Amino acid sequence: MDRRMGVNQALMLLVLFLSSTYAFIAGIDGPFLYQEALEDGNTTLHCDTNAEIIDDEIMLLVWYKNDESIYSYDARSGTEWSSPTFNTSGRLAVDIRKRPISLSLSKLREDDQAVYHCRVEFLLSPTKYTGVNLIVIVQPSIPFFLDELGNKIENKVGPYFEGDTLALNCLVIGGRPPPQIRWFSGEVLVDATGNESDIPNVRENELYLPLARDTAENVSCKASNTQLSPPVAAFVNIELYLSADNVSINWIQGMENGGLTVGKTAIIQCIATGVYPSPDIAWWLNDKHLTHYSNQTYDKLTKRAISYLQLTPTVADDGATLACMATNLAVPQGRNSKADVITLNVTYVPIVEISVNGTSKFTVIENETLNLLCEVKANPPIDRIMWYFNGLKMENSGVVGYNVSLNMLVLHEIRRMYSGQYSCGAANAIGEAHAEPIDINVFYPPECKGNGLTLNEETLNCNVTAIPIPNKYVWPPQLQQCDLAYENVQFQIRCIPVDNATHYEVSVWRQSIGNASLTLDQKRVLGYGASQALAVNAAESLFIKGELGSLGREDEAGAAACNRYGCSTVLLLRPTERLLSAVVVPWWKFLLDKTVGISIGGVLLVIVFLTSTALVVCVAKRSCGKRPPPVIQVLRIDDITRDILNSSRDLKARSSCTLRSRSSDRLDGTEELDLTSWQHSPVLYDFEPPPDVTLTMHRESAV
């Protein structure tokens, strides 16, 4: 045993001698490991202390940094040694009691990066070597930001609008190995194209990011060169002005079964989300801007604005549109507003009105048909309509001959006893309402009371009953037979007299402006007498004549018989088209007038005289100038001119004619034509009057 110990000691001395002379070459003997650790961090280097021979003992353990021993343990003497470089700061520690024996380094520095190895000497087993390549990771600096102009950005950048592009550069200093710089929008990687900067020991990554609503509120730049720790990161907030991405109207109070109720206040909420900064929320009812609503609130974190509206609906609001519009005044117009629009469903008791034949006339004539319309406006729709007469339902009112169809009440051949108050009612799920009653008056013509006529002293009374009360009583009968004629250059009316008439009224009625009605143009009274109006002459004692003047196509002539009790209804006559056409004189008859013939002859004589005088003067001038004698030509008046001149004093023309239009079938008068002839050349004219026109020719005296 002593001999064996002596051999071992000799071998140990040899190993120590050789270890001080030769450096350990990693990878030649034993495993070679790679290990990373962070600067300022801790790491543990493991040494393989397992002997090949069971129960063998460790005699010596030595740790080297590169070629320099930094720690040793001698099991024989139980002594430990460590390099002053580590011992001074206490950064090196070895726990001999643990297996495997490991070397711990703390507060790592950049220069701690090296190849470490351990050598283990056993009593019996061969020497073991373990190599570790320690990489000390030096993290880069915290990223910082520069804008497009090279200005340093801190905390916030902007403001921007949707669609703008964010340009931002992220830079980091140092780092071993060189870090990778990546941009994140929220948790989404948007750029990882970092590279070296022109500045030494600086790396950068420039970001160009289109800004949209789904872009995060901020972007982060992360630099990483190891898996041992999270990336070094920095954040910058983006101030992005946004219009609301959603606007919604919600009912808080007042909505029942999908509808509002007239007069019942409702509370409505409008929420605008995704908007920054705080928007302006406005309420609109149809085209009316509602200004009375509660103040709106805004939450910057959630980018949500809320506004409340109190609305008391009316009947007019049924079917109206209610709109809530959120407008971000910080965003350019055209993309700064969003709205929600709903249609109001307002329920109410039926609104009922009654009308006659669709009008407001509350009168009907006896034996005619009365149509009453019950006009109803209701939401929800009505389920029944009721009709009333004098406060009683129609089936209990005693009225007969009526039909009810939906909202129409029809009374056939209405009687005067059915004058009274009519009304209707309607009901829906909300309630029942009745229309204001209307008074229906059944008109009927005058009827005699008793014998009709009563004599009170010298007054004769006409006793009648009628609705409405008569406003005119007529005693003489109306004229029955009247004719309208054209005589002596004006229209005249001729009528057969009435027995009890003492005088007559003749009138002319003309169309008003716009041809809307007839207006009285003139009125004359014809004749007075004890029994009847005076006749024009004895030959026509059976007729009453009245001169009217001129009548146009739309004018009318009237005649009425009168006595001391009043006048009859006016009988109106309008000239026929044939009568009006016959009144018009043809243009060529103008030439047959004596005055016109004399004028034409005189003009011809003046022309002949002036022509002859001019010829004589011209001949005289030529004679004075000793010109050759002119050829003399005698102008001879032709026979036609001579006849006109000789017969001008005997020129005759026809007189006016009588044209007549009648109210009866009676015809009167004869048709005759007697025209004078020319002295030399008789001229015949063909003229045939219309069938109902009488022409009477009168010979005028010579001028």
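Our subject is the structure listed above.
In this report, we go over the structure that sits alongside the text. Predicted, not measured: the structure shown is a model, and the values here were computed from it.

Parameters and conventions
Residues numbered from 1 in each chain as written. Predicted model: local features only at pLDDT ≥ 70, side-chain atom pairs only at ≥ 80, totals over all residues. Heavy atoms only, no water. Pairing = 2+ DSSP bridges. Helix = DSSP H or I, 4+ residues; strand = E, 2+ residues; numbered from the N terminus. Axes fitted to C-alpha atoms, helices over the stretch in contact; angles between N-to-C directions. Salt bridge = Lys/Arg side-chain N within 4 Å of Asp/Glu carboxyl O. Buried < 20%, exposed > 50% of the residue type's maximum accessible area, 1.4 Å probe, protein only. Patch = residues over 30% accessible without salt bridge, like charges linked within 9 Å, V, L, I, M, F, W, Y side chains within 5 Å. Areas by Shrake-Rupley, 256 points an atom, 1.4 Å probe, with all protein chains shown as cover. Polar contact = N/O pair within 3.5 Å; in protein donor to acceptor, adjacent residues only side chain to side chain. Disulfide = S-S within 2.5 Å.

For a regular strand, the rule is simple: side chains alternate between the two faces of the sheet. Of the strand pairs in this sheet, strand S34 (residues 402-405) and strand S35 (residues 408-411) are connected by four bridges, and their pairing is antiparallel. Bridge pairing in S35 links Tyr402 to Leu411. In sequence, S34 turns back onto S35 through a hairpin of two residues, with Leu406 there showing a positive phi of about 55°.

Let us now look at the sheet that holds strand S6 (residues 92-94). Across a sheet, strands are paired by hydrogen bonds formed along the backbone, either parallel or antiparallel in direction. If you trace the three strands from one edge of the open sheet to the other, you get S2-S7-S6, paired in antiparallel fashion. A single partner strand is all that each edge strand has here, and the edge strands are strand S2 (43-46) and S6. Here the strands of the sheet are splayed against their neighbours by 25° on average, with no regard to which way each runs. Sheet topology places S2 next to strand S7 (residues 102-105); four bridges connect them, and they run antiparallel.

Quick look at the pattern of salt bridges now. Tallied over the entire structure, the rule returns 22 salt bridges. In this structure, Asp521 engages Arg510 in a salt bridge whose closest nitrogen and oxygen atoms are separated by 3.2 Å. Placement of the pair is Asp521 in strand S43 (residues 518-526) and Arg510 in strand S42 (residues 503-511), with a sequence separation of 11 residues. Residue Glu577 pairs with Arg553 through a salt bridge whose shortest N-O separation is 2.8 Å. Pair noted here: Glu577 is in helix H3 (residues 577-583) and Arg553 is in the loop between strand S44 (544-549) and strand S45 (556-563), with a separation of 24 residues, a long-range link. Judged by its relative accessible area of 45%, Glu577 falls in the partly exposed class. Look at Arg553 and you get partly exposed, because its relative accessible area is 47%. Here the salt bridges share partners, and the residues they tie into one network are Glu366, Arg416 and Glu447.

What follows deals with a nonpolar patch on the surface. On the surface, a cluster of nonpolar side chains totalling about 330 Å² of accessible area is made up of Ile600, Val603, Leu604 and Ile607. With respect to the helices, strands and loops of the structure, Val603 is situated in helix H4 (residues 594-624).

Below, the discussion takes up the side chain of Ser102. Relative to the helices and strands, Ser102 resides in strand S7. Take Ser102: its relative accessible area is 13%, and that puts it in the buried class. At 2.8 Å, the side chain of Ser102 forms a polar contact with the side chain of His46.

What follows is about the state of the cysteines. Across all of its chains, the model carries six disulfides by this definition. Disulfide pairing places Cys170 opposite Cys221 at an S-S distance of 1.8 Å. Sign of the S-S torsion, about -85° for the bond between Cys170 and Cys221, identifies this disulfide as left-handed. On the criterion of sequence distance, the pair formed by Cys170 in strand S13 (residues 165-173) and Cys221 in strand S18 (residues 218-224) is long-range, its members being 51 residues apart.

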